[in-house]
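# Coordinate analysis (summary)
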Amino acid sequence: MKHFFLGFCFLMLGFLSQAQFKADKIKWTADNNGLYENDNNAIVSTNFKTGAQKVIVPADALKAGKINIKDFTIGADEKQVLIFTNTARVWRYNTRGDYWLFDIASAKLQQIGKDKPAQTLLYAKLSPDGKKVAYVHANNIYVEDVTTGVATVLTSTNNSKKLINGTFDWVYEEEFGCRDGFRWSADSKSIAYWQVDANQIKDYYMLNTTDDIYSKVIPVEYPKVGEAPSPVKIGVVNVENAKTTWMNIPGDPANNYLPRMEWSAANELIVQQLNRKQNESKLYFCNASTGEAKQFYTESDKAWIDIKSRWNDDDPRGWEFMEKGKSFLWVSEKDGWRHIYKVTRDGKETLLTVGNYDIATISAVDEAKNELYFIASPDNPIQRYLYKVKMDGKSKAVRVTPAGYEGTNSYECSPNGSYAVHGFNSRTVAPASQFLNLATHKPVAGDELLKTIKPVNKDNLEFFTITTEDGVTMDGWISKPKSYDPSKKYPVVLYVYSEPATTTVEDEFYSGNNFLFGGDMNAQGYFYVSFNSRGTPTLKGAEWRKSIYKQIGRINIRDQAMGMKKLLADRSYLDANRVAVWGWSGGGSTTLHLMFQYPDLFQTGIAIAAVGNQLFYDNIYQERYMGIPQENKDDFIKGSPITYAKNLKGNLLYIHGTGDDNVHYSNAEVLVNELIKNGKLFQFMPYPNRTHSISEGAGTFQHLMKLYTAYLKEKCPPGAR
């Protein structure tokens, strides 16, 4: 639900977070000694050992086709480059566009799918032998011969716009991170792919009323909470005869999910299946020729099970195989901590990250040295460092990130762990990066990052922990007016999110900044604060994260309210009569809850793109954290802001885009109706045809910022009293 919004916020700040830093994956050379990169529309390789650079695709070679490189992939033999250009957005990301193939030796450039309309190809990939390119067009998988340019369709939609081959529907993309839905076999003879049957999923109709004199209906297949999932199956299609063999995975496809699939051997797939409640995970090996599926590993949880897109870059692709396919890495919270295990083909497992701490992400595996690299922060959950551990199940993890880099560190490592791009920022250090030899943690060239960075004085930013009257200890930050007078009273603004998708408190450079406020909040006399409440995905153990199960809209709301109550009691210079709260998406929902459930504590709220009624949101997200409403509907009602709207006392500004395909505009309208019914006065701002980010259209963000700032200053006046 919330990932796009968070990326948008950081983008507005000009901040490169760890997740964004890794979004555009480094293109490592086959020998792991260098990388490929786009340098002013030319593709250049750099060898770290020698320092040599080589132009692989000259910019001049792309001028004839007017090609502007948006992304590219290098062929397995490093003789071809597949270039992605002229892109267009599909829901959240620019995944649709045109593809061109460049032959390095001959400098030949040819368009792939040139007989298809512009901007209609998705996820094009070279076959391992470099002879073919496969891609998705109009919900079908095509394969094109590189030599002849002849394309063959491998799948069929049976004349249905809702039968989807090789990619996914809205909800799989949004909540599982699934987008690219097919995989080449190592021998280039077959393609494994997902097929999503969304024919039984009802459409949510958005209405475009501004682009013509007549309104246009925009349907989105969107399974609401309580609706059965789209049936999904996995097939392997023979590239020569276009015959598909379907995998015979047990269970009702309309009550299970298949979020991960990869080739595990020459004629075999490995598949993860989640039940509808997402609290039971099963792994299968599937025979690609017969479709026979053999279950070999099972895991269950009293709450939910996170999948790879939640703990590695919002991307479920890839499977960390080791020992020539005899084992692989797996992440589980089964012992109360997010740990990495080694699992063998017969399902036997070995805990590799021993200790009472959470890992954040897996970074690299060095099989030659039997070492595993990962991101963690055992001593401070709001920081991130690189660690390594011997993969023997006995060793203690060792911190790789040197002293001096206290804050948030990210590492994009070469596959064998030889080199890495190290990103660093902290509360006082702006984002910076360096190329490293990972074994020595020394830069490939130039000075070490610590010698070049210049910390920024942020005396007005304080990180702290606070313990509420319920005994809950939360991490927080507060930014203060400079030279404030502690004998006077100042307004305080709480920034919230509080759901399982993200945190708001991390040791990062833009902590304490409000990207929607026009000007400097602190300079104008505001205190600005945020807390990581229970249920947020901070590194404090599974019990902390999963305590919110079936309790969204209750325990997270109480934590935020009790945090503010304690802060007001502890800091006499905070004005209890000028307390404001704001948030976006899940944070918008939290804002509504705080205004409605604690109306005597919060006088002003600005809620943007909020879920007003949990029964209006999608099934994968809401059922993962709340259960299935047919079984516990009361939890959904008690967790929805609309239930408490009648309690509003203070000043509320509610903002929503009418073209929001994520949190639908109907959330706003039912909430508005409820407030009207109860005689509550408030302000409401709909943004026509804007999506969840409210970013489209000339002047939109500037208008939103102006609206936000004016309302806050009017209803929660700044300055000392």
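Shown above is the structure to which this text applies.
These lines cover the structure that appears in this document, whether it is placed above or below.

Rules used in this analysis
- Residues numbered from 1 in each chain as written.
- Predicted model: local features only at pLDDT ≥ 70, side-chain atom pairs only at ≥ 80, totals over all residues.
- Heavy atoms only, no water.
- Helix = DSSP H or I, 4+ residues; strand = E, 2+ residues; numbered from the N terminus.
- Rg over C-alpha atoms; globule rule 2.2 N^0.38 Å.
- Buried < 20%, exposed > 50% of the residue type's maximum accessible area, 1.4 Å probe, protein only.
- Contact = heavy atoms within 4.5 Å.
- Areas by Shrake-Rupley, 256 points an atom, 1.4 Å probe, with all protein chains shown as cover.
- Lys, Arg positive; Asp, Glu negative; His and termini not counted.
- Charge placed at Lys NZ, Arg CZ, Asp CG, Glu CD.
- Axes fitted to C-alpha atoms, helices over the stretch in contact; angles between N-to-C directions.
- Parallel < 35°, antiparallel > 145°, perpendicular 65-115°, else oblique.
- Left-handed = near helix turned anticlockwise from the far one by under 90°.
- Arc of directions from axis to C-beta.
- Polar contact = N/O pair within 3.5 Å; in protein donor to acceptor, adjacent residues only side chain to side chain.
- Pairing = 2+ DSSP bridges.

### Details of the overall build of the protein
Within the protein, the secondary structure is distributed over 12 helices and 43 strands. Relative to a compact globule of 721 residues, whose C-alpha radius of gyration would be 27 Å, the protein shows 26 Å and is just as compact. Referenced to the eigenvectors of the C-alpha coordinate spread, the extents of the protein come out at roughly 75 × 60 × 55 Å. Counting the 721 residues in the protein, one finds 60% classified as buried. A sequence separation of at least 24 residues applies to 59% of the contacts in the protein between residues at least 6 apart. Here the protein has roughly 28,400 Å² of accessible surface; of this, 49% comes from carbon and sulfur atoms. Side chains of the protein give 84 positive and 81 negative charges; the mean places of these two sets differ by 2 Å.

### Side note on the packing of helix 7 (residues 555–570) against helix 8 (residues 586–597)
Their axes nearest at 10 Å, the elements helix 7 and helix 8 cross at an angle of 70°. Comparing the axis directions of helix 7 and helix 8 gives the class roughly perpendicular. Helix-helix and strand crossings are classified by hand; for helix 7 and helix 8 the assignment is right-handed. Residue-level contacts link N556, I557, Q560 and A561 of helix 7 to T590, H593, L594 and Q597 of helix 8.

### Quick notes on helix 10 (residues 629–638)
Restricting attention to buried positions, one finds in helix 10 the residues P629, N632, D635 and F636. Buried residues of helix 10, seen end-on, are gathered within an arc of 130° and therefore sit on one face of the element. Among the structural elements, helix 9 (619–626) are those in contact with the buried residues of helix 10.

### Quick notes on helix 9
Counting buried positions along helix 9 yields 8 of 8 residues, so the element is predominantly enclosed. Every buried residue of helix 9 is listed here: N619, I620, Y621, Q622, E623, R624, Y625 and M626. Taken together, the buried residues of helix 9 touch helix 3 (170–176), strand 20 (256–265), helix 4 (308–311) and helix 10. Measuring from the side-chain oxygen of the N-cap residue of helix 9 to the backbone nitrogen of I620 gives 3.1 Å; that N-cap residue is D618.

### Some details on the sheet that holds strand 35 (residues 442–443)
One open sheet holds the 4 strands; their spatial order is 32-33-34-35, and the pairing between them is antiparallel. One side of each edge strand has no neighbouring strand; the edge strands of this open sheet are strand 32 (408–413) and strand 35. Note that strand 33 (residues 419–426) and strand 34 (residues 429–437) share 7 bridges and pair antiparallel. The residue of strand 34 that forms the bridge with V421 is F435.

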